[in-house]
Amino acid sequence: MGTHRAPELTEPTLLTFHDAATGEHVELSASELGGCAAQVAGLLREGCGLAEGDRAAVLLPPHWLTAAVLMGAWSAGLRVSLQGTATAGLDVLEPGADLPYDVLFVAADRIGSWLERIPEAKHRFSLFAEEAPEGYRDLESAIDAFSPHVPAPGRTRAGDAVTPDGTTYGSFGAIAAELAERIGLRGGDRLLVNADTQEHPLKWLLAPLSAGASVVIAANAGPEAFAALAESERATHSLQ
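Notes on the structure in this doc start here. (Residues numbered from 1 in each chain as written. Predicted model: local features only at pLDDT ≥ 70, side-chain atom pairs only at ≥ 80, totals over all residues. Heavy atoms only, no water.)

What about the overall build of the protein chain?
In terms of helices and strands, the protein chain carries six helices and eleven strands. Once local pairs closer than 6 in sequence are excluded, the contacts in the protein chain between residues at least 24 apart make up 65%. On the protein chain, roughly 11,800 Å² of surface is accessible, and the fraction owed to carbon and sulfur atoms is 51%. (Helix = DSSP H or I, 4+ residues; strand = E, 2+ residues; numbered from the N terminus. Contact = heavy atoms within 4.5 Å. Areas by Shrake-Rupley, 256 points an atom, 1.4 Å probe, with all protein chains shown as cover.)

Next up, the structure:
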């Protein structure tokens, strides 16, 4: 994916991604992340013709693009089913999980694995590969045609479903706030998260955002690299 750094941020960094194996380093402000999410939402609404209540399957690791996918799908009103690598080989325990999804986002290295159960979907996008596998479109190329302009907030209500099994935005928000409280996060804090062990976005994305904290996602970082990142990124808290 290379290295991406905004030349002169006018806003503080909200999300940082660092991959110790590839050297990828991305820093995004709130407006930049919001712009990426808006492009995903545009792809889903205008490019795929999807609407509120449609179903998305997300088989992606903690990553800045995953954050954009989730926020874009939720802002488009989609119900999102999450499946991390820790659940590889297991059925997704949701009503109607055997039915085709409307859209699928999957890491390229999980396609074709005998450990995986990749659901069927009308629209299929792969991530983290130079070339999309047959039957898939590359997400980053697909969103280029859509505006990063963040539209006015929708009418999302606490009782609306955030997942196909009926879990609500209110429930997700309450859990995220509780996790932030347990970690001790406050506004202005900086949370360093081990992407290899903390797969659920409630931990690596929603909890810090609910507290007004920024987040640093560390992928493929062993103990020494993780400790070095904690110092260089000035993390106030960490999840290993």
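Back to the write-up after that little detour.
Regarding the sheet that holds strand S4 (residues 55-59)
The strand order S5-S4-S6-S7-S8 describes an open sheet built from five strands, whose pairing is parallel. Edge strands, defined here as strands with exactly one partner in the open sheet, are strand S5 (79-82) and strand S8 (137-138). Here strand S6 (residues 101-107) pairs with strand S7 (residues 121-127) via six bridges, running parallel. Along S7, the bridge assignment pairs Val103 with His123. (Pairing = 2+ DSSP bridges.)

Examining the packing of aromatic side chains
Each aromatic ring pair is specified by the distance between its two centres and by the angle formed by the two planes. This structure, assessed with the given rule, holds two aromatic pairs. Ring geometry for Trp74 and Phe172: centres 6.2 Å apart, planes at 90°, overall edge-to-face. A residue pair is termed long-range when its members are at least 10 positions apart, and Trp74 in helix H2 (residues 64-75) and Phe172 in helix H4 (residues 169-183) qualify at 98 residues. By relative accessible area, which is 10% here, Trp74 ends up buried. Arranged with centres 5.6 Å apart and planes meeting at 20°, the rings of Phe105 and Phe125 form a pair that is stacked. (Phe/Tyr/Trp six-rings, centres within 6.5 Å; stacked < 30°, edge-to-face > 60°. Buried < 20%, exposed > 50% of the residue type's maximum accessible area, 1.4 Å probe, protein only.)

With respect to the pairing of S4
With respect to burial, S4 is a largely interior element, five of its five residues being buried. Covered by surrounding structure in S4 are Arg55, Ala57 and Leu59 together with Ala56 and Val58, the residues of both alternating faces. Bridge analysis of S4 against S5 gives four bridges, and the strand direction is parallel. When the bridges of S5 are listed, Val58 appears paired with Leu82. The parallel pair S4 and S5 is bridged by H2, and the resulting crossover is right-handed. (Right-handed = clockwise from strand over helix to strand, strands pointing away.)

A word on the packing of helix H1 (residues 30-47) against H2
Packing of H1 against H2 leaves a shortest axis separation of 7 Å and a crossing angle of 55°. As far as their axial angle goes, H2 and H1 are oblique. The two elements H1 and H2 cross, and the hand of that crossing is right-handed. Contact residues: Leu33, Cys36, Ala37, Val40, Ala41, Leu44 and Arg45 in H1; Trp64, Ala67, Ala68, Val69, Met71, Gly72, Ala73 and Ser75 in H2. Tallied by class, the residues present in the contact of H1 with H2 amount to twelve nonpolar, two polar and one charged. (Axes fitted to C-alpha atoms, helices over the stretch in contact; angles between N-to-C directions. Parallel < 35°, antiparallel > 145°, perpendicular 65-115°, else oblique. Left-handed = near helix turned anticlockwise from the far one by under 90°. Nonpolar A, V, L, I, M, F, W, Y, C, P; charged D, E, K, R; others polar.)

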